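# Descriptive analysis of the structure
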Amino acid sequence: MAIRTMGPSGQYETGLDAAGAALPELLAPAGGLDQMLAAIAAGADAIYAGLGGFNARVSAHGFTDNEFARGCAVAHAHGVRVYVTLNVFVFDDELSDAVALGAHALELGADALIVADAGLACALRAAIPGVEIHLSTQAGAHSEGAVRLAADELGVERVTTARELTVDEIAALCATGVPIEVFCHGAICIGYSGACEFSALRRGRSAMRGDCTQPCRLAYDLVDEAGQSVVAVEGDRLLCPRDYLGIAHLPELVAAGVASLKIEGRMKNPDYVFNVVRVWRRALDMLCDGAWDSGAVEELERELGRSFNRGFTDAYLRGRSGAELMSFERAINQGVRVGRLVAVGHEEVTVELDAAVAAGDTLEIRFYPGVDARPDVPKRWPQVPCPVDAAAGKRVVVHCKRKVDAGCEVYLIRSAGVLDQTTAVLERMRAEADAIAPVARAVEVLPFEDAAVDGGASTELAGSAGPVKREDFARMVFAWELMDVGPRDERDLSDTTVVLDEVCRAGDAERTRALMQRAGRVVCRNLGQVAMARELGTTFDVAAPVFCANRTTLTWLRGLGAGRVCLSAELLGNDAERVAELAACPGVLGPVDADRPEIMVCEHCLLTAEGACATDATGQVRCRDCSRRQQARFLVERDGTRLPVVIDACGRTRIFLS
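Quick caveat, the model's predicted, so the values are computed rather than measured.

The buried count for helix 1 (residues 33-42) comes to eight of 10 residues, which makes it a mostly enclosed element. Inspection of helix 1 places Leu33, Gln35, Met36, Leu37, Ala38, Ala39, Ile40 and Ala42 among the buried residues, and these make up the whole buried set. Among the structural elements, strand 3 (25-30), strand 4 (46-50), helix 2 (65-77), strand 5 (81-86), helix 9 (270-288) and helix 11 (416-435) are those in contact with the buried residues of helix 1.

Okay, here's the thing in structure tokens:
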């Protein structure tokens, strides 16, 4: 077992791996006290949790103050740090309350705050001397420029990057010297975090306010202009990705220099937290002890599969984002394969195991009708209890009334052993929590006043937050629309305002830089673009998903050099009264895409639901040359609403309101 010690900064350190690279922190989720205790017992180095309403999982069970204080006390007794999520955008009338909640969390024992709203970060920094702030993935830091800007201009001590990045991109961000936190395990939003307004504009509930309705997990059809379905895959969960699993890439991530490995799951049960954290702890300890063996990855993944998952994928880390990323058939727990049926009798079946099972495990038999079956024969996935303990290679007889056939795969979807072990651990940890005395901290909070925005703006900044008018901007074009223009095209953009993309990764840098140098003006929609525009001296405005919901954020953006600031469609659609004062500020405009609101952008190409991509003579997929992209496509919701879909030349999907 690796020896872990408290470092001079107060951070829980796990030493070095066998090659001498510093091991990253293992960061676990906690939606309540039991989850926090389970994470501590399983070997987490740090825990992140929500407290109050200013976090991106408002429906999580949460903590009472007493529970959180006791949880922090137990965590600190074990050398574990605690971070509190304040990772939503906040309105002017909430800013002082959010600052107070951050101070209160620190008083109860939190070590750092995770923040997405730039204005809130500025307010916390001004009001609480020495506060440690981590930038949430909701802020959309995809590039080195964004990471440096966040560290230099917001003063954050850590940046959490997007799930979509490759190992090489992560390494480049780590090379900036800013501590980088990456997701390593758990659910994936198919849209880029912080750039999705699907739930807000179609359901009235905002992901950026912690109230996402998860439209990506629902059933859809994909149709052509005539309304004919073009879906060729099995299943209708066309926006539902599998869960992130990066454990096979652990040595690469450690070598890249990541500061923290983050497990998703503040809505998950204690048994999920306990099992997933302990498996990742085991993997890190193997690496630390020089015992890492790539052959052990399969077993580690199998153990992780005993907890809730929608199937696993490491596609993003490998630079892939096609159908292999997706869980088209179901958006629920997929479990882990443990065997197949070798015989079917009267109300019983025989399972030949390729992994161990235990009495009380819940098994799922996956029956698919054969190609010769009648069209009315349904799929069947009966769930049955395992009657005995049995090792891999053994056969067990299981009671099953539903009709299934020999050859069906069998999956474990609920592990009795994990549940029993979690119950025993929690009994011990609750006793420890009951016996410990919380330590109240004194946190100095300076008087904070909402930022006053300069009202003496020039005529150039005059405007109000209604739909963007042509007189507000010069001729306007979206950058993704220019991707299909030939590479030698040198059309004059000097009288054009180019609205840049929401995504700004390493592969986008050259194209973005060229547009900035040619355009009369640009609208930045990512912090990385803001950093680039400042470097080039380009005149720029900003628009969502560089979110601005309060005047403190507006002042910060103006300080960076932004001219006009465009509010998001969801703010003006759902919260117009709350942002009325902000909208009346000079230079604040309405949505830059008001005539065709974009509700989601994702790295995954939705057209892969139509079948495998065409490749060139070298086997490479050339999105620019894809004939499917030239045809009209619509995502159809269950109520019949048709949402236009556009795939850009990078293969990214853009979904618009109808």
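Another point: the layout of surface pockets. Unoccupied space between atoms shows up once a probe the size of one water molecule is rolled over them. Quantified by volume, the second largest pocket comes out at close to 720 Å³. Contributing to the lining of the second largest pocket are 26 residues, with Gly319, Arg320, Ser321, Cys623 and Cys650 lying nearest its centre.

Turning to the packing of helix 12 (residues 509-518) against helix 13 (residues 527-536), a few remarks are in order. In contact at an axis separation of 11 Å, helix 12 and helix 13 are set at 45° when each is read in the N-to-C sense. Between helix 12 and helix 13, the interaxial angle falls into the category oblique. In this structure, helix 12 meets helix 13 at a crossing whose hand is right-handed. Within the contact between the two elements, helix 12 uses Ala509, Thr512, Arg513, Met516 and Gln517 and helix 13 uses Gln529, Met532, Ala533, Glu535 and Leu536. A breakdown of the residues in the contact of helix 12 with helix 13 according to their chemical character gives five nonpolar, three polar and two charged.

This structure, assessed with the given rule, holds four cavities of 30 Å³ or more. Of the pockets and cavities examined, the largest cavity occupies roughly 250 Å³. For the largest cavity, the lining is made up of 25 residues, of which Ala116, Ala139, Pro545, Val546 and Phe547 are closest to its centre. With three residues, the top contributor of residues to the lining of the largest cavity is helix 14 (residues 551-560). A breakdown of the residues in the lining of the largest cavity according to their chemical character gives 15 nonpolar, seven polar and three charged. Space inside the second largest cavity adds up to approximately 140 Å³. The wall of the second largest cavity is formed by 20 residues, among which Glu197, Arg525, Ala544, Pro545 and Asp593 lie closest to the centre. Tallying contributions element by element places strand 26 (residues 598-602) first for the lining of the second largest cavity, with four residues. Here the lining of the second largest cavity is built from residues that sort into 13 nonpolar, two polar and five charged.

Bringing the sheet that holds strand 21 (residues 496-499) into the picture now. An order of 20-21-22-23-24-25 is seen for the six strands of this open sheet, with the pairing classed as parallel. Sheet topology places strand 20 (475-478) and strand 25 (588-589) at the edges, where each strand pairs with a single neighbour. Pairing of strand 22 (residues 521-524) with strand 23 (residues 540-543), which is carried by three bridges, proceeds in the parallel orientation. In the strand pairing of strand 23, valine 523 is matched with aspartate 541.

If charged atoms from side chains of opposite charge come close, those side chains can pair. All chains considered together, the criterion is met by 57 salt bridges. The partner of aspartate 243 in a salt bridge is arginine 310, and the shortest N-O contact between them spans 3.4 Å. Of this pair, aspartate 243 sits in strand 11 (residues 243-245) while arginine 310 sits in the loop between helix 10 (297-304) and strand 13 (312-313); the two residues are 67 residues apart in sequence, bridging distant segments of the chain. Taking relative accessible area as the criterion, aspartate 243 reaches 1% and is therefore assigned buried.

Here we take up the pairing of strand 22. What you see with strand 22 is no split at all: Arg521 and Val523 on one side and Val522 and Cys524 on the other are buried throughout. Sheet topology note: the strand 21/strand 22 ladder contains three bridges and is parallel. Residue valine 498 lies in a different strand from strand 22, and its bridge partner there is valine 522. What joins strand 21 to strand 22 is helix 12, and the crossover it makes is right-handed. For the segment spanning strand 22, helix 13 and strand 23, crossover handedness is right-handed.

Strand order across the open sheet formed by six strands is 17-16-19-14-15-18, with antiparallel pairing between neighbours. Each of the sheet's edge strands pairs with one partner strand only, and the pair in question is strand 17 (383-385) and strand 18 (395-399). Averaged over neighbouring strand pairs, the angle between their axes works out to 40° when direction is ignored. Across four bridges, the pairing between strand 14 (residues 336-345) and strand 19 (residues 409-414) is antiparallel. Paired with glycine 339 across the bridge in strand 19 is valine 410.

Overall, the coordinates contain six aromatic pairs when judged by the stated rule. When the centroid spacing of 5.5 Å and the interplanar angle of 80° are considered together, the rings of phenylalanine 63 and phenylalanine 68 count as edge-to-face. Across the pair, phenylalanine 68 and phenylalanine 63 agree in class, each one buried. Pairing phenylalanine 89 with phenylalanine 91 gives two aromatic rings, centres 5.7 Å apart and planes at 75°, and the pair type is edge-to-face. Residues phenylalanine 89 and phenylalanine 91 agree in their burial class; the two are buried. Within the aromatic cluster, the residues linked to one another by ring pairs are Phe89, Phe91 and Phe547. Across the ring face of tyrosine 411, the terminal group of arginine 366 is positioned such that the distance to the ring centre comes to 3.6 Å. In this structure, arginine 642 is placed above the aromatic ring of phenylalanine 634, and the distance from its NZ or CZ to the ring centre is 4.1 Å.

Calculation rules
Residues numbered from 1 in each chain as written. Predicted model: local features only at pLDDT ≥ 70, side-chain atom pairs only at ≥ 80, totals over all residues. Heavy atoms only, no water. Buried < 20%, exposed > 50% of the residue type's maximum accessible area, 1.4 Å probe, protein only. Helix = DSSP H or I, 4+ residues; strand = E, 2+ residues; numbered from the N terminus. Contact = heavy atoms within 4.5 Å. 1 Å grid on protein atoms, 1.4 Å probe; cavity = no way out; pocket = protein on both sides within 12 Å on 5 of 7 lines; lining within 4 Å. Points joined across faces, edges and corners; volume = space filled by probe spheres on them. Axes fitted to C-alpha atoms, helices over the stretch in contact; angles between N-to-C directions. Parallel < 35°, antiparallel > 145°, perpendicular 65-115°, else oblique. Left-handed = near helix turned anticlockwise from the far one by under 90°. Nonpolar A, V, L, I, M, F, W, Y, C, P; charged D, E, K, R; others polar. Pairing = 2+ DSSP bridges. Salt bridge = Lys/Arg side-chain N within 4 Å of Asp/Glu carboxyl O. Right-handed = clockwise from strand over helix to strand, strands pointing away. Phe/Tyr/Trp six-rings, centres within 6.5 Å; stacked < 30°, edge-to-face > 60°. Lys NZ or Arg CZ within 6 Å of the ring centre and 35° of its normal.

All we've got here are geometric facts, nothing functional implied.
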